[in-house]
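# Commentary on secondary and tertiary structure
Chain by chain, the residues:
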Amino acid sequence: MNNKILIYKMNESDIEQSAEIWQSCYKNFSSGNDDFPSYWTHSLTEIKDFLKQKVKDGCAIAAEADGRLIGYLAFDEFNFNGEDSVFCPSIGHAAIEDYKDKAYPLLYQAAAKDWVGKNIFNHMWTINYNDSKLKNTLYDLGFGSYLIDAFARTDTKPDADSGYEIRKADLNDTDILFTLAEESRHYYASSPLFLKRDPYSFDNISQIIENGNVFIAFDKNIPVGFINLSISNENNCIDLSVKNCGIIDEIGAYIKPEHRGNNLGKDLLKNVFNHCASNNIELVHVDFETANLFANKFWKKYFSPVLLSVRRTVNKNIND
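Structure report, in brief.

Rules used throughout
Residues numbered from 1 in each chain as written. Predicted model: local features only at pLDDT ≥ 70, side-chain atom pairs only at ≥ 80, totals over all residues. Heavy atoms only, no water. Salt bridge = Lys/Arg side-chain N within 4 Å of Asp/Glu carboxyl O. Helix = DSSP H or I, 4+ residues; strand = E, 2+ residues; numbered from the N terminus. Buried < 20%, exposed > 50% of the residue type's maximum accessible area, 1.4 Å probe, protein only. Pairing = 2+ DSSP bridges. Core = buried A, V, L, I, M, F, W, Y, C linked by side-chain atoms within 4.5 Å. Contact = heavy atoms within 4.5 Å.

## Re the pattern of salt bridges
Pairs may arise between side chains of opposite charge once their charged atoms sit close together. According to the stated counting rule, one finds 16 salt bridges in the structure shown. One salt bridge in this structure joins E183 and K256, with 2.6 Å as the shortest N-O distance. A residue pair is termed long-range when its members are at least 10 positions apart, and E183 in helix α5 (residues 174–189) and K256 in the loop between β13 (253–255) and α7 (264–278) qualify at 73 residues. On the basis of relative accessibility, which here comes to 24%, the residue E183 falls in the partly exposed class. One network of salt bridges, in which partners are shared, links E97, K100, D131 and K133.

## Topic: the environment of N211
Take N211: it is sitting in helix α6 (residues 202–211). The class of N211 is exposed, set by a relative accessible area of 64%. Sequence separation between N211 and S38 is 173 residues; the distance between their C-alpha atoms is 27 Å.

## What about the pairing of strand β5 (residues 83–88)?
Burial of β5 is extensive: five of the six residues sit out of reach of the surface. Where strand β4 (residues 76–80) folds back onto β5 in an antiparallel hairpin, the turn is made up of two residues, including N81, whose phi is positive at roughly 50°. Bridge count for β5 against strand β7 (residues 122–128) is four bridges, and the pairing is parallel. Across the sheet, the residue bridging to V86 is H123, located in β7.

## Considerations on the nonpolar core
Ranked by internal contacts, the top residues of the largest apolar core, which has 85 residues, are W22, W115, W125, L240, W299 and F303. The leading source of residues in this core is helix α3 (residues 100–117), at seven residues. Once residues within four sequence positions are removed from consideration, W299 is found in contact with I227, I248, A253, L269, V286 and F288. With 19 residues, the next largest nonpolar core counts A169, F178, L195 and F218 among its residues.

Okay, structure coming up:
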């Protein structure tokens, strides 16, 4: 094995092998953990479709050494909170283990040169959560943790009896949920999250109630928290959720600060798991920002982190 690695534009002929490299990595990191969706260990359909589109868009590069493909990097260019950005999802990159520490820095070096040349300074990746080698490589390159995607099986339920009344919302609860959702929006904008969310409308909230399964918690008839569950109708290769998977999304979950630490979170989650178990739903997915101090501690108690998104902001005066 020599040390010369060639970086080049990915071709359609590289797609099959690139997808197989990714799947091999996923099998390695998911081995022995039932919380990882097993679908991705035997299906390459969505991954190959994604790579075909990235090759067509000119947003994929590959690494070759010793006459064979050893890794690749594929990405999306988009606007994120008003800033031109790039995002490389978990299926958008992989490398053979023996070459990982050499291939990844070279792939990023080549891609980042092009991105910054186009004044794209916000770079985001999603990686396998327990890939310590890649995590350390990216941290050394200036990336920091941003978001976690986690999964849990619904046959393991929190043991909690908080004493709060929890019931499934209907359209008569739109005003209540709207007020709580707006309060949660202000919470996300506060320190240290600093995450700006667009204002909700009554129509938004009523649609969420109609399309999902919202559970609201009450303390002596006063609403103090909620959790929202929807059910996926397709496989999602970006967050690795699968068809008929529970998704805690959109407005997500929120508990008023003065009611945290009283087992209410466990009770809300227990209602979600009970609903899923009653409807033959085996897995639930949630994502949360690592800077969300309460969520980062709570979700990890009951969910297995599968993916970690990291982010780097390049100095914006570099092209001056």
